[in-house]
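Residue-level structure breakdown
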Amino acid sequence: MPFKLHTAAMHKAQDPHFSERVRASFARQEAMTLIGAVMPVVEPGYTEIHLPFKPEITQQHGYVHGGVVGMIADSAAGYAASTLTTAETEVLTVEYKLNLLAPADGQLLIAEGSVVRYGRTLIVTRAEVFAVKNGKKTACALLQQTIMSIHGKKEPAVKT
């Protein structure tokens, strides 16, 4: 069982409607729609993105492509940061480091994003990505990320 940095007691949401705001933002991410990802868990400082296997997102050996693994890790960690911001604050990834630990081989990938340190301008996050195959969960990637807060800016409410 992996060590989880996240507990609900560690973080307090500034926006009482953070869950609805984060879920609406995720719904506007056409890249996540394209690959078939969903975000079933949104808690203060923590999100999960689930990605069912489909052949269109694999590389030549039949594993989910590392770029797709990075996509869901980046989004899970970024949305974990967004759960702690005000409604008028947007977040953008400044950088991330991704370690691919094992092939992304399973019927489902789960990216667990969490906030390590929340600051006014910079937020440090992490994500672990697990491949679930025949009920067995295997760590396949680890990401550490720096997020920049952009205060006073709100993303559009609809896709353009």
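Read on for a plain summary of the structure.

A few words on the overall build of the chain. Secondary structure summary: the chain contains three helices and six strands in total. Beginning at the N terminus, the succession of helices and strands in the chain can be written as α-α-β-β-α-β-β-β-β. Out of the 160 residues belonging to the chain, those deemed buried represent 44%. Put simply, 68% of the contacts in the chain that link residues at least 6 apart link residues at least 24 apart. Put simply, the chain shows about 8,400 Å² of open surface, and 59% of that area lies on carbon and sulfur atoms.

Turning next to the nonpolar core. Counting residues in each nonpolar core, the largest one holds 29 residues, and the members touching the most others are I35, A37, I49, L51, I72, L109 and V129. Counting residues per element, this core draws most heavily on helix α3 (residues 66–82), at seven residues. Sequence-distant contacts of I35, that is, excluding residues within four places in its chain, are made with L51, K54, I57, V68, M71 and I72. In terms of nonpolar packing, the next biggest core, distinct from the first, is built from seven residues, A81, V91, I123 and I147 among them.

What follows concerns the sheet that holds strand β4 (residues 108–118). Strand order in the open sheet made by the six strands is β1-β2-β4-β5-β6-β3, with antiparallel pairing throughout. In this open sheet, the two strands that pair with only one neighbour each are β1 (38–43) and β3 (89–100). Between one strand axis and the next, the sheet turns by 20 degrees as a mean value, whatever way the strands run. Note: β4 against strand β5 (residues 122–133), ten bridges, orientation antiparallel. Opposite A111, over in β5, you have V129 as the bridge partner. Those strands touched by helix α1 (residues 18–27) are β1 and β2 (46–52), and its axis lies near 160 degrees from that of β1. Relative to β4, α3 is tilted by about 40 degrees, and along the sheet it contacts β1, β2, β3, β4, β5 and β6 (136–151).

By the element assignment, T138 lies in strand β6. The exposure class assigned to T138 is partly exposed, which follows from its relative accessible area of 33%. For the pair T138 and L109, spaced 29 residues apart in sequence, the C-alpha to C-alpha distance is 9.4 Å. Every residue in contact with T138, bar those within four places of it in the chain, is listed here: V129, F130 and A131.

With that settled, consider the environment of K136. With respect to the helices and strands, K136 occurs in strand β6. Spatially, the C-alpha atoms of K136 and G106 are 8.9 Å apart, while their sequence positions differ by 30 residues.

The next subject is α1. Among the residues of α1, those classed as buried are F18, S19, R21, V22, S25 and F26. One side of α1 holds all its buried residues, which, seen down the axis, span an arc of 165 degrees. Buried residues in α1 make contact with α2 (30–35), β1, β2 and α3.

Turning our eyes to something else, we now look at a nonpolar patch on the surface. Taken together, the side chains of L92, V94, L122 and M148 present a nonpolar region at the surface, about 340 Å² in accessible area. Positionally, V94 belongs in strand β3. Assessed through its relative accessible area of 48%, V94 is described here as partly exposed.

Here we take up α3. The end-to-end C-alpha distance of α3 is 24 Å, a good match for the 24 Å that 17 residues give at a rise of 1.5 Å each. Among the 17 residues of α3, 13 are classified as buried, and the element is accordingly described as predominantly covered.

What counts and what doesn't
Residues numbered from 1 in each chain as written. Predicted model: local features only at pLDDT ≥ 70, side-chain atom pairs only at ≥ 80, totals over all residues. Heavy atoms only, no water. Helix = DSSP H or I, 4+ residues; strand = E, 2+ residues; numbered from the N terminus. Buried < 20%, exposed > 50% of the residue type's maximum accessible area, 1.4 Å probe, protein only. Contact = heavy atoms within 4.5 Å. Areas by Shrake-Rupley, 256 points an atom, 1.4 Å probe, with all protein chains shown as cover. Core = buried A, V, L, I, M, F, W, Y, C linked by side-chain atoms within 4.5 Å. Pairing = 2+ DSSP bridges. Axes fitted to C-alpha atoms, helices over the stretch in contact; angles between N-to-C directions. Arc of directions from axis to C-beta. Patch = residues over 30% accessible without salt bridge, like charges linked within 9 Å, V, L, I, M, F, W, Y side chains within 5 Å. Salt bridge = Lys/Arg side-chain N within 4 Å of Asp/Glu carboxyl O. Expected span 1.5 Å × (residues − 1).

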